[in-house]
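Next come the chains, spelled out residue by residue.
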Amino acid sequence: MTVSDSGSDAGARSLLFDSASLEETEEFLSTAYTPMRIGGPVEDARVRISRRAAGPLAMDRLDFGYTMAYDARSLGQVCLISMHEGTLADLTDGREEVFGPGETFLIAPPDRPYRGEVRAARYTIALFDTALLDAVAPVAPGGPPVRLTGPRPVTPAAGRQLAAAVAYVRDHVLDDPAAGAHELLVGTAARHLAAATLAALPHSGRDDGRPADTADATPATVRRAVAFIEANAHQNITLAHIATAAYVTPRALQYAFRRHLDSTPLGYLRRVRLAAAHRDLLAADPGATTVTAVARRWGFAHPGHFAAYYRDAYRVAPSATLNSFS
């Protein structure tokens, strides 16, 4: 068995598990996820699991060369799975629901036990705290928590978008130790994944809103929200924080921004952070910093996405702005 673990003061963590023992694998899975029993006689029981984690996010790559049955307690977290090879069968409550390559889904509600089989599969697991769902959900603070009510995305397009969000956080945030050390960047990525989860999966908050939310979508609401965003764009703020500062529900805040700014609160926050990055690039010495460093400072993990946003706003590449320093 091989287990290696590393971390940093900034919170970025990595772990690698490699074993050919079912007993060792059961112990590891029970520690890393939730107490479970696994079984299934196999000739080659080798499994490899690697984890990258930072802040509220964890992303694991798992590779099983055999069929592994499991019976697990509730996870207490949102657990998304993206299948790359093989299949996974959910056998909870006596049913059999099979997921295959290309699918991204919820393994089980965070508060319920689950059981099933991993059938010679290679897949990615994304884990985050359920509180992130409430932080990005367009519902009133203090209301009932958002509950995910089904495992599959509501449409194929929603499934593709959720898979892309998982891959983005895995490849451009958690796989990059330098990116994982930035609290603002990690927090932004975590909320992006939580929002993508709510956009893709069925949940208790899917409704048409309340009349009061529409009535509160006033210019005054927008002014209060804009003032808060511009004063706190450097902080790890959420939709709920902005709504609280504007004295309205998150849903009312979204209505207000659509009605008066043809935007969303988080879209406006991104514009403010982009403008801050622009100012930093104008003032920076190209010999002492990089475009990537400035982008990360303001919560942009993907260099290509940042460059696209920047070029759309300023009609030049961010590198051209940085190299114009004098």
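In this text the structure is predicted, and so the values were computed from the model without any measurement.

Draft legend 1. The side chain of Asp-90, seen in detail. Within the secondary structure, Asp-90 sits in strand β7 (residues 78-90). In terms of polar contacts, Asp-90 uses its side chain to reach the side chain of Thr-92, at 2.7 Å. Apart from the residues within four sequence positions on either side, Asp-90 is in contact with Arg-95, Glu-96, Glu-97, Phe-99, Ile-107 and Arg-115.

Draft legend 2. Region of the structure containing helix α8 (residues 239-246). Within α8, burial applies to Leu-239, Ile-242, Ala-243 and Ala-246. On an axial view of α8, the arc spanned by its buried residues comes to 100 degrees, and they lie on one face. For α8, the capping residue at the N-terminal end is Thr-238, with a side-chain oxygen 3.3 Å from the backbone nitrogen of Ala-240. Directly beyond the C-terminal end of α8, a positive phi value near 65 degrees is found at Tyr-247.

Draft legend 3. Broad picture of the pairing of strand β4 (residues 47-54). Most of β4 is tucked away, with six of its eight residues classed as buried. As paired strands, strand β2 (residues 13-19) and β4 are joined by seven bridges and run antiparallel to one another. From the neighbouring strand, Leu-15 faces β4, where its bridge partner is Arg-51. Here β4 runs beside strand β5 (residues 57-64); their pairing, made up of eight bridges, is antiparallel. Across the sheet, the residue bridging to Ser-50 is Arg-61, located in β5. Taking the residues between adjacent antiparallel strands as the criterion, β4 and β5 are bridged by two residues, where Gly-55 takes a positive phi near 55 degrees.

Conventions we followed
- Residues numbered from 1 in each chain as written.
- Predicted model: local features only at pLDDT ≥ 70, side-chain atom pairs only at ≥ 80, totals over all residues.
- Heavy atoms only, no water.
- Helix = DSSP H or I, 4+ residues; strand = E, 2+ residues; numbered from the N terminus.
- Polar contact = N/O pair within 3.5 Å; in protein donor to acceptor, adjacent residues only side chain to side chain.
- Contact = heavy atoms within 4.5 Å.
- Buried < 20%, exposed > 50% of the residue type's maximum accessible area, 1.4 Å probe, protein only.
- Arc of directions from axis to C-beta.
- Pairing = 2+ DSSP bridges.

As far as function goes, none of this settles anything; it's purely spatial.
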